[in-house]
Amino acid sequence: MKEMILDYIKKEYLDEDEADDMTLDEHTPLISSGIVDSFSMVSLKRFLEKKYEIKLPDEEATPQAFDTVTSIIALVNKHLAKKGA
Amino acid sequence: MAYPAAVREAWQAELAGIREKGIYKEERFIHSPQASHITVEFPSGAELKEVINLCANNYLGLSSHPEVIAAAHKALDERGYGMSSVRFICGTQDVHRTLEQKLTEFLGTEDTILFPSCLDANAGVFEAILGPEDVMISDRLVHASIVDGIRLAKAIHDTYKHCDMAHLEEKLQEHQDKRVRLIITDGVFSMDGDLAPLDRIVALAEKYNALVFLDDSHASGFIGRTGRGVHEHFGVMGRIDIITTTLGKALGGASGGCVSGRKEIVELCRQRARPYLFSNAVPPPIAASAIKVLEILSATTERRDKLETNAKFWRQGLIDAGFVIREGESPIVPVMLFNAKLAQDVARDLYYEGIYVVGFFFPVVAAGQARIRTQLSADHDIPMLEKALEAFKKVGARHGILGLDKKGIIAKYGL
């Protein structure tokens, strides 16, 4: 899941030269650092919902929850567990 | 009156936080009309200083033009000061109708509706025409007022990388199931001064059955051969579905904005756009002056031609001096400094050299992209710009950045 989300972020949000210059890992702040703006994170949310067939409620899909890949994975796992329950 | 101490303290702490981050905005008091040369009191209480203004949106130098002022005086005498009403109750005069007709002709559209500002036009238009079955696909660097307008609408939204047509095409393909696909872009991007590739955007819109929204606030009056805007520059006049623009920049510089475009869209705005329905009409002197501005611009291209000459001279001068600038064709010329503190220091030093500019940094621009945005005017002349260039060279040399590229500046000052 981690690699898939990182790949999506690179493709969706970074220009080619930026992607080459930048080291992006699961701990890199995305929104608070300005890599992803909170207005544009909607496509990442839609990608996750479609990929994992879950619904991420707006009140949980906050800029804080989307700030690192680690926190995104935690949110996705929470809703995957709900789905499986 | 309840203003609890805890609430006061919380807000005081927020203000202190803004100051600590170095992003506290302070007004500078201008003691003269808006122009290329202004008299400024900064900081508050300081001695007045004559400076060259390189940060106004007064692109055509019409903010204090005698004919524009005379038109305002005449309307003030003949139509009064304010309307004390929204448009649809008793706030519409003949001058409002005339201005809407003149804007329609000037922009090459089907119809126009005035708003108190372009911010209001952008806040009202999406909500008025789009529903949950529609999608708004915006460039990632559109103006904040568009972002606010998008947030108010019920349609879903998506974004594409700045001016990246391949990415826009992917998004258009992804959203083929929607009723309306609305591509949303600025004409000239306010922080970078680059132009949206409108010919390619229109081609994609036609290929994927989408509409095009253009905010031409930083273009109306001077971009394009006769100053009609970015749609004229790219030869796509008549093919833009919605244009919003402002009267607060090149077109007189006072206030007011509009939505101009397809008849039905304008008509829906008259029925539903909340800033139109619930805010006062543009004051008569401003409407009348804007009509005068359009008359001036329709008679001659002298001002936009002079602006173009000034912008070319300024861009080349900065490059020759060894600054890093954002390349482009508009009169918005960002001098890239990358480091926020450096941008503030250079702007401050320039002020003491008699040049009024402002540093911009995150969150106004992306992190690590701090800059000084310079803006040219037809009110500038070459000797004035030569003097400003000398000041830039002096301050640039003092900070050791002349001749350094992006990597060099970052190596010296960090991000």
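Please read these numbers as outputs of a predicted model, since none were measured by experiment. (Residues numbered from 1 in each chain as written. Chains lettered and ligands numbered in written order. Predicted model: local features only at pLDDT ≥ 70, side-chain atom pairs only at ≥ 80, totals over all residues.)

(A) Geometry of helix α8 (residues 198-207) of chain B. Residues and elements named next belong to chain B. Listed as buried for α8 are Leu 198, Ile 201, Val 202, Leu 204 and Ala 205. One side of α8 carries all its buried residues, which in axial view fall inside an arc of 160°. Of the residues in α8, the exposed ones pointing more than 90 degrees away from the buried face are Glu 206 and Lys 207. Each element contacted by the buried residues of α8 is listed here: α7 (165-174), β7 (181-186), β8 (211-215) and α9 (230-233). Positioned one or two residues after α8, Asn 209 has a phi angle of 55°, which is positive. (Buried ≥ 20, exposed ≤ 12 C-beta atoms within 10 Å, placed from the backbone. Helix = DSSP H or I, 4+ residues; strand = E, 2+ residues; numbered from the N terminus. Arc of directions from axis to C-beta. Contact = placed C-beta atoms within 7 Å.)

(B) View of the environment of His399(B). Residue and element names in this part refer to chain B. Along the chain, His 399 falls in the loop between α15 (382-398) and α16 (406-413). In this structure His 399 comes out as partly exposed when scored by C-beta crowding, with 16 C-beta atoms within 10 Å. C-alpha of His 399 to C-alpha of Val 346: the two residues are 53 residues apart in sequence and 7.9 Å apart in space. For His 399, the contacting residues outside a window of four places in its chain are Leu 342, Asp 345 and Val 346.

(C) Quick look at the interface of chain A and chain B. In this assembly, eight residues from chain A lie in contact with nine residues from chain B. Taken together, the residues of the side of chain A that touches chain B break down into two nonpolar, four polar and two charged. (Nonpolar A, V, L, I, M, F, W, Y, C, P; charged D, E, K, R; others polar.)

(D) A look at the confidence of the model for chain A. Predicted confidence across chain A gives a mean pLDDT of 88, with 95% of residues reaching 70 or more. The weakest mean pLDDT in chain A belongs to helix α2 (residues 16-21) of chain A at 69; the strongest belongs to helix α3 (residues 42-52) of chain A at 93. (pLDDT = per-residue confidence, 0-100.)

(E) Seen up close, the sheet that holds strand β9 (residues 242-246) of chain B. Residues and elements named next belong to chain B. Taken together, the seven strands give an open sheet; going across it, the order is β4-β10-β9-β8-β7-β5-β6, and neighbouring strands pair in mixed fashion. Looking along the sheet, the strands with just one partner apiece sit at the ends: β4 (111-115) and β6 (156-160). Across the sheet, the axes of successive neighbouring strands diverge by a mean angle of 20°, strand direction being ignored. Note: β8 against β9, three bridges, orientation parallel. When the sheet's bridge partners are listed, Leu 214 is paired in β9 with Ile 243. Strands in contact with helix α6 (residues 144-152) are β5 (135-139), β6, β7 and β8; relative to β5, the strand with the most contacts, it is inclined by about 165°. (Pairing = 2+ DSSP bridges. Axes fitted to C-alpha atoms, helices over the stretch in contact; angles between N-to-C directions.)

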